Amino acid sequence: MAFELPALPFEKNALEPFVSARTLDLHHGRHHQTYITNLNNLIAETPLENLTLTEIVRQTAGKPDMTAVFNNAAQDWNHRFYWKSLTPNGGSLPDGAFKDAVVEAFGSEDHFKTELKVAALSQFGSGWAWVVKDGDDIKIVKTSNADTPVAHDQVPLLTIDVWEHAYYIDYQNKRADYVSALIDHLLNWQFAAGNFDAAAE
Ligand code: MN3
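Calculation rules
Throughout this description, residue numbers start from 1 for each chain and increase along the sequence as written. Totals for whole chains, interfaces and linings use every residue, but because this is a predicted model, local features are given only for residues with pLDDT of at least 70 and side-chain atom pairs only at 80 or more, for both listing and counting. The basis for the side-chain values is all heavy atoms of the structure; hydrogens and waters are excluded. Here, nonpolar core means buried Ala, Val, Leu, Ile, Met, Phe, Trp, Tyr and Cys residues that are tied together by side-chain atoms lying within 4.5 Å of each other. For every residue, the accessible area (1.4 Å probe, protein chains only) is compared with the maximum for its type, and the residue is labelled buried under 20%, exposed over 50%, or partly exposed between those bounds. Here a strand is any run of E in DSSP of at least two residues, a helix any run of H or I of at least four, and the numbering for each starts at the N terminus. For each domain, the first and last residues come from an automatic or database assignment. The contact rule is simple, with two residues in contact once any of their heavy atoms fall within 4.5 Å. Here the coordinating atoms are restricted to nitrogen, oxygen and sulfur within 2.8 Å of the metal centre, or 3.2 Å for Na, K and Ca, and because water is not among them the sites may look incomplete. In this analysis, strands are considered paired if DSSP registers two or more bridges between them. When a carboxyl oxygen of Asp or Glu lies within 4 Å of a side-chain nitrogen of Lys or Arg, that pair is called a salt bridge. For helices, the fitted line uses only the C-alpha atoms of the stretch in contact; every axis is such a line through C-alpha atoms, and the angle between N-to-C directions lies from 0 to 180 degrees. Each of two parts loses accessible area, computed with a 1.4 Å probe, when they are put together; buried area is these two losses added. N or O atoms closer than or at 3.5 Å make up a polar contact, with two conditions inside protein: a donor-capable atom paired with an acceptor-capable one, and, for residues adjacent in sequence, both atoms drawn from side chains. Residue classes follow a fixed rule: Ala, Val, Leu, Ile, Met, Phe, Trp, Tyr, Cys and Pro count as nonpolar, while Asp, Glu, Lys and Arg count as charged, and any other residue, Gly among them, counts as polar.

Our focus in this paragraph is the nonpolar core. Counting residues in hydrophobic clusters, the biggest one holds 61 residues, and the most contacted among them are F98, V131 and W189. In terms of residue count, helix 3 (residues 67–84) provides more of this core than any other element does, 8 residues in total. Taken domain by domain, the makeup of this core includes at least three residues from each of domain 1 (21–84) and domain 2 (97–200). Apart from the residues within four sequence positions on either side, F98 is in contact with L93, F112, V131, I138, L157, W189, A192, A193 and F196.

Encoded structure:
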C-alpha cells in the first residue's frame, strides 16, 4: 500500500497571519509530498511495503544501509504529527491530567513553554522540538534532521518543525519569532493532552 499525503486538519489559510497559506502550500504540498513520494519509491516491491509507517521508522532506525528509507519515513511520520500539533485555536493547556503533569514536572505552564522555546531555538540546523512521554515522565527533547522520538521508545505528545522550510517565507531567518507565534497562538494542546491520556491507558 502506497502512502498518501494526508489532508491538513484545518483550512490552508486558517493559521494566518502566523503561518501563511503560501508556507503551507510548499511545506505540505511539496516538502511533505516529496518525502512520501520518495518513501513509496524506496519501499516498492520490498518487504517494507507491507508495514505501517511507524513500523518502517522503527525497523530502519540506526541501520546505515537504510538511511534513505528512514529519513523519508521519519519525515513523513513527523509531518503527519506536526500538522495535528497545530490549530487556529491554540494557546493555553486544557485543564486535566496532562496539565497537572506538566505543572508538576516544570513548575508552571509558563516555564514549560519557555523550556520548549529554548529547545526549539537551540536545535542547531534542521530538526524538531518535541514534548514526549518517556516512561512516566513528560520531557522536552529535540531531534536532528529526520530523527524522531518514535525511534527512541518515547511517546510523542506534540512537535514543532524547526527546519527552515517551516518558517522562512513568513519569518526569514527569525526562528524565534516563528516559535513564539506557534507557542502563543497555534499549538494544539488538546492534541497533546489526548496523546498523554492515550499513553496512560
Ligand atoms: Mn517540515
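Back to the text.
We now examine the coordination of the manganese ion. At 2.0 to 2.2 Å from the manganese ion lie its protein donor atoms, namely H27 (NE2), H79 (NE2), D161 (OD) and H165 (NE2). Donor residues binding the manganese ion come from one chain and are separated in sequence as H-x51-H-x81-D-x3-H. Of the two residues, H27 is situated in helix 1 (residues 21–43) and D161 in strand 3 (residues 155–161); the sequence distance between them amounts to 134 residues. No difference in accessibility class separates H27 from D161, as the two residues are buried.

Burial analysis of strand 1 (residues 127–134) places 7 of its 8 residues in the buried class, the great majority of the element. Bridging between strand 1 and strand 2 (residues 137–144) involves 8 bridges; their strand directions are antiparallel. Pairing of V132 across the sheet is with K139, part of strand 2. The sheet contact formed by strand 1 and strand 3 spans 6 bridges and is antiparallel. Note that in strand 3 the partner of V131 across the bridge is L158.

What follows covers the pattern of salt bridges. Inspection of the entire model under this criterion finds 6 salt bridges. Between K99 and D95 there is a salt bridge, and its shortest N-O distance comes to 3.3 Å. In this structure D95 comes out as exposed when scored by relative accessible area, which is 70%. The residue K113 makes a salt bridge to E109 at a minimum N-O spacing of 2.9 Å. With K113 and E109 both in helix 5 (residues 109–122) and 4 residues apart, this pair spans about one turn of that helix. With a relative accessible area of 13%, K113 lands in the buried category. Within the structure, one salt-bridge network assembled from shared partners comprises D95, K99, E109 and K113.

A sheet is described by the order of its strands in space; here 3 strands give the open sequence 2-1-3, paired in antiparallel fashion. The sheet terminates laterally at strand 2 and strand 3, the two strands that pair on one side only. The sheet shows a mean angle of 20° between the axes of neighbouring strands, taken without regard to direction. Most of the contacts of helix 4 (residues 97–106) go to strand 2, to which it runs at about 80°, and overall it touches strand 1, strand 2 and strand 3.

Tracing the sequence through the fold places H79 in helix 3. For H79, a relative accessible area of 0% puts it in the buried group. For the pair H79 and L5, spaced 74 residues apart in the sequence, the C-alpha separation amounts to 10.0 Å. Not counting chain neighbours up to four residues away, the residues in contact with H79 comprise H27, H32, Y35, W128, D161 and H165.

With that settled, the discussion passes to the domain arrangement of the protein chain. Taken as a whole, the protein chain is organised into domain 1 (21–84) and domain 2 (97–200). Computed from C-alpha coordinates alone, the two centres of domain 1 and domain 2 are separated by 20 Å. Listed by partner, the interface residues are 20 residues for domain 1 and 24 residues for domain 2. Among the residues of domain 1 in contact with domain 2, T23, F81 and Y82 are the three that bury the most area, contributing 34% of the side total. Across the domain 1-domain 2 interface, the total number found is 0 salt bridges. Put simply, domain 1 and domain 2 have 11 residue pairs in polar contact (both at pLDDT 80 or more) between them. Those elements that provide at least two residues to the side of domain 1 that touches domain 2 are helix 1, helix 2 (53–60) and helix 3. Counting residues per element, the side of domain 1 that touches domain 2 draws most heavily on helix 3, which supplies 10 residues. Looking at the side of domain 1 that touches domain 2, its residues break down into 9 nonpolar, 8 polar and 3 charged.

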